[in-house]
Amino acid sequence: MKVPVDSTYILPLDAAEASIARVGGKGASLAKMARAGLCVPPGFHLTVAAYRRFVETNGLKSTILDLAQSIQDAEGDAPSSLERAEAEIRARFEEGAMPPEVARALTHAYAELGIDAPAVAVRSSATAEDLPGLSFAGQQESYLNVCGDEELLTAVRRCWASLWTARAIRYRGRMGVDHKTVAMAVIVQRMVRADVSGVLFTANPTTGDRSEMVVNAAFGLGEAVVAGHVSPDVYIVDKTSFRLKEMTVGTKEIMVVPAPKQGVARAAVATERRRQRALSDQLLRAVADLGLRVERHAGGIPQDIEWAVAGGTCWLLQARPITRLAPQSLHVQWEPPEPGTGWIRRQVVENMPEPLSPLFADLYLSGLDRAVDALQDMMDIPNSVLKLIKKPIATTVNGYAYMRATVDFRWSAVPALLWVTLSSFRSLFKGLWVNYWRDKALPEYLETIRSWNQCAPPAAADEVLLEGVCELARADARYWFGASVAVGSAKLSEALLNAFLTVAAPRRGLTSAVFLRGLEPKTLQAQAELETIAQRIRESDRLRELVAKTPAARLVAELGNTSEAKAVREAIRTHLDRFGHQIYTLDFAVPTQAEDPLPVLMSLKAMVDNPGQGLRLRQQKLAQERDRAVSETARSFDPIRRPMFLWFLRRAQQFAPCREEALFYMGAAWPTLRQFALELGRRLTEAGLLAGPDDVFYLESAELRQAIAARASGERRPDLVRLAAERRTLQTARQRLHPPAAVPPEYRFRLGPFDMSFWETQRRHSLNDATISGFAVSPGRVSAPASVILSPSDFDKMEPGTILVCPTTTPAWTPLFAQARGVVTDIGGVLAHGTIIAREYGIPAVMGTGNATQWIKHGQLVTVDGNSGTVKVLE
């Protein structure tokens, strides 16, 4: 097709310039497939510029956005009001004047398709459409069998208007897509008069099985299948051999066919054909082969494909990533990587609740081995004790991180172990451990980050970017062991206080928790700052109304229309600059709080809607209760036990705040590291070595070096694209697993003949138990519905006034505590992050239940007893 090269509004279907920004998601996908030589019907793109020119010419922008906002805000309105708003938008488009330059370009390109008034398919292609995780499937219109210039112009207007249906507007709102940023391109293609057509999934959408393809087929045009007008044939095909594994022949009572003049019509299928297969073995193989080729060119990402067969030729009509594909069911064994060894989920792996990305596992877990050497030097541990510790000290089992628990115990090492223990207590009481963290480990870590922050990622060589990723990962691993001695100081001093209380006052039920509240850990400083922002919003009726009606995901974008709102937006950004490095999980493949601030914004909205008791006031109240409890307890002891109580208390209160401050900096390097990694991923994606920039996290460092070398030489490495896609898929499937407390599951933590299971951070229960128990870490008792939050992707499910039930928490989870009445976790003990924050919020908490996220269903009424460490489901 001959098209003016300088056309602003028209691009050839296979144009290299056909980006998402110019031709939308669907158009960009078809352009890529056409350039790859797949059988795509000829045609052209009417670009996003044409849509914007139409909107500008007719002065529609503000009207559309106002009506769109009214639709989004009308969640509870009567359907008639929504229909009126949608109809008004549609009428504005249908009645609007087509700019002459757009009409000329469109009709000229149409004429270039050949034959007078050829029948074409006119398909919408939005800029937020057909992206991974955002399909918008069926939400924008397509028109088939369009003939003639006027009919084409009308179809284009209707495609544009379909960007603003109530369904599309609300979907964008739920997915956090700003209405101001979306636009619509249109694809015009020669009409395929299909004998048979349908849909092909290159992975089984029901089971998630990537080794199968599922084909739906019916007679006539694909509209019958896509719109659900017919019960199609269903073929399940082996992806490798194309062997037909399963077939269900549908009734296919009707088919959709081109109407005599314009559009489509339904026609009855002859009775004798209805129970016949729509696809022969040969055609089924051709459809499957097309699907495999599409998936290959899409970087191995499973595809949802619309296809048609006409005259024996198999045509590709549309291809998009399958969204929300069910993870594959995995059948795994929890076996140790080394026979006869035991592994548990404690210490640093408490901050890794999900299966790890390959790059993180490669760099961080090996970095822990290097870091432990430095820690052993600092602690001056004798060689006889060092020989007990084997490497690696951490590994993954089915993608989940575990710490080595077995040691090569020798009785000859017992004297040295006793010396190390006594030396550790001496260092603890002198504050040497905390001093090491504060004066050496933390400054060295922050200096490494500062040094790499001087390097601008866009200007850095590929090798430098990878070096930065490796060094920053190793620096955080080193910092973990520096932080762990501060954490250990807090843990041991609290354990000693608890032990004293148990012995000195066995029948009074005293625990350390009541004496260690009101200390204001660093993560709560972030919440206090957020409360100040909320107060500023509440002081303005206009801002309060804006925040109340705006979804949290779009809040920052909406705070920009007035100077007052801009000031709040800047305050939020300043807050995220200071505190946004906080992590949801230690794996750097997961965005930090600054990149994904949804829980912060949800917490801000909750503070605006229901301010409640301020954090500062609550802290003061807790501190008063703590001091009163200290005074009453001290008076209750005799002259011998009183000074002992105060001595243990001072040590516990001295070191307790260090624990949360040390962990506050965990992952502080990740914002810088992720910039380096994603810049490298972007370059490798442009070179065709990755399917997307964040696939960089699914290759190990040695494989990334191979990719860098391939980019330098211009070599194609489809194996790396495929490997990253396979690992991403495997990780998604592994997220459905529930890792046991130990590997093998029956293992109990021991040091030679000594039972050390009290150091484990997960209890073990049956899912049939009426009550489960964990560690009683924050006192109080409460009954409320449960919000089961498995990962950051579930944060929007958190309901105010509920029990937060989750695998574990890290500093970036802190905003959820402001909405919770209690906390229950699978993993964690007396000094888990959730323990400290729950105490400061004065809410009951039970940690380390082992399987609460499996045992409790979202919305169930549960009772959390933070005094006894039990959780009970009431319904």
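Novice: Hey, could you go over the overall build of the chain for me, with residue numbers and the actual values?
Specialist: Counting its secondary structure elements, the chain contains 28 helices and 27 strands. The 875 residues of the chain split such that 56% are buried. In the chain, the share of contacts with a sequence separation of at least 24, taken over all contacts with a separation of at least 6, comes to 70%. Surface summary for the chain: the accessible area is close to 36400 Å², and the carbon and sulfur share equals 51%.

Novice: I'd like to hear about the nonpolar core, residue by residue, with values.
Specialist: Among the nonpolar cores identified, the biggest contains 76 residues, and Met352, Tyr364, Leu368 and Trp437 are the most heavily contacted of them. Listing elements by their share of this core, those giving two or more residues are helix H11 (358-379), strand S16 (400-404), helix H14 (432-453), helix H15 (462-504), helix H22 (641-664), helix H23 (670-686), helix H24 (701-713) and helix H25 (718-734). It is H15 that contributes the most residues to this core, 16 residues altogether. Not counting residues up to four positions away in its chain, the partners in contact with Leu368 are Val348, Ile393, Ala394, Ala477, Trp480 and Phe481. Counting 50 residues, the second largest nonpolar core, distinct from the first, contains Tyr9, Ala18, Ala103 and Ala185.

Novice: Could you give an account of helix H17 (residues 541-549), naming the residues involved and the relevant values?
Specialist: Regarding H17, the residues found buried are Leu543, Leu546 and Val547. An end-on view of H17 places all buried positions within 95 degrees of arc, on one side of the element. Seen from the buried face of H17, the exposed residues on the opposite side, beyond 90 degrees, are Asp541 and Glu545. Those residues of H17 that are buried lie in contact with helix H16 (522-538), helix H18 (555-558), helix H19 (563-579) and helix H20 (598-609).

Novice: How would you summarise the pairing of strand S3 (residues 120-126) if you had to cite specific residues and measurements?
Specialist: Most of S3 sits inside the fold, with seven of its seven residues counted as buried. Of the two faces of S3, the one lined by Val120, Val122, Ser124 and Ala126 and the one lined by Ala121, Arg123 and Ser125 are each fully buried. By the bridge criterion, three bridges tie S3 to strand S4 (residues 142-146) in an arrangement that is antiparallel. Note on S4: the bridge partner recorded for Arg123 is Ser142. Of the pairings in the sheet, the one linking S3 to strand S5 (residues 184-190) comprises seven bridges and is antiparallel in character.

Novice: Report on the pairing of strand S27 (residues 870-873), specifying residues and quantitative values.
Specialist: Across three bridges, strand S20 (residues 771-773) lies against S27 in antiparallel orientation. The partner of Ser773 across the bridge, within S27, is Thr870. Pairing between strand S26 (residues 861-865) and S27: four bridges, direction antiparallel. Note that in S27 the partner of Val864 across the bridge is Val871. Following S26, the chain reverses through four residues before pairing antiparallel with S27; Gly869 in that reversal takes a positive phi of roughly 75 degrees.

Novice: Please provide a residue-by-residue account of the confidence of the model for the chain, values included.
Specialist: Of all residues in the chain, 88% attain a pLDDT of 70 or more, and the chain-wide mean is 85. Within the model, pLDDT remains below 50 along residues 1-6, and this stretch shows nine contacts once partners closer than five positions in the same chain are excluded. Low confidence marks residues 75-80, where pLDDT is under 50. Its contacts with residues over four positions away, or in another chain, come to two contacts.

Novice: Can you tell me about the packing of H15 against H22, naming the residues and giving the values?
Specialist: For the pair H15 and H22, the least separation of the axes is 8 Å and the interaxial angle reads 150 degrees. With respect to H22, the axis of H15 lies roughly antiparallel. Pair H15 / H22 crosses with left-handed handedness. By residue class, the composition of the contact of H15 with H22 is 20 nonpolar, two polar and five charged.

Novice: For the sheet that holds strand S8 (residues 233-238), give the residues involved together with the corresponding values.
Specialist: Consider a sheet: its strands pair through backbone hydrogen bonds, and that pairing is either parallel or antiparallel. Strand order in this open sheet of six strands is S9-S8-S7-S6-S12-S13, and the pairing throughout is antiparallel. A single partner strand is all that each edge strand has here, and the edge strands are strand S9 (244-248) and strand S13 (313-321). Neighbour-to-neighbour, the strand axes of the sheet open up by a mean angle of 20 degrees, direction not taken into account. Pairing between strand S6 (residues 196-201) and strand S12 (residues 303-310): six bridges, direction antiparallel. Residue Gly198 lies in a different strand from S12, and its bridge partner there is Trp307. Strands in contact with helix H10 (residues 281-297) are S6, strand S7 (212-219), S8, S9, S12 and S13; relative to S12, the strand with the most contacts, it is inclined by about 140 degrees.

Thresholds applied
Residues numbered from 1 in each chain as written. Predicted model: local features only at pLDDT ≥ 70, side-chain atom pairs only at ≥ 80, totals over all residues. Heavy atoms only, no water. Helix = DSSP H or I, 4+ residues; strand = E, 2+ residues; numbered from the N terminus. Buried < 20%, exposed > 50% of the residue type's maximum accessible area, 1.4 Å probe, protein only. Contact = heavy atoms within 4.5 Å. Areas by Shrake-Rupley, 256 points an atom, 1.4 Å probe, with all protein chains shown as cover. Core = buried A, V, L, I, M, F, W, Y, C linked by side-chain atoms within 4.5 Å. Arc of directions from axis to C-beta. Pairing = 2+ DSSP bridges. pLDDT = per-residue confidence, 0-100. Axes fitted to C-alpha atoms, helices over the stretch in contact; angles between N-to-C directions. Parallel < 35°, antiparallel > 145°, perpendicular 65-115°, else oblique. Left-handed = near helix turned anticlockwise from the far one by under 90°. Nonpolar A, V, L, I, M, F, W, Y, C, P; charged D, E, K, R; others polar.

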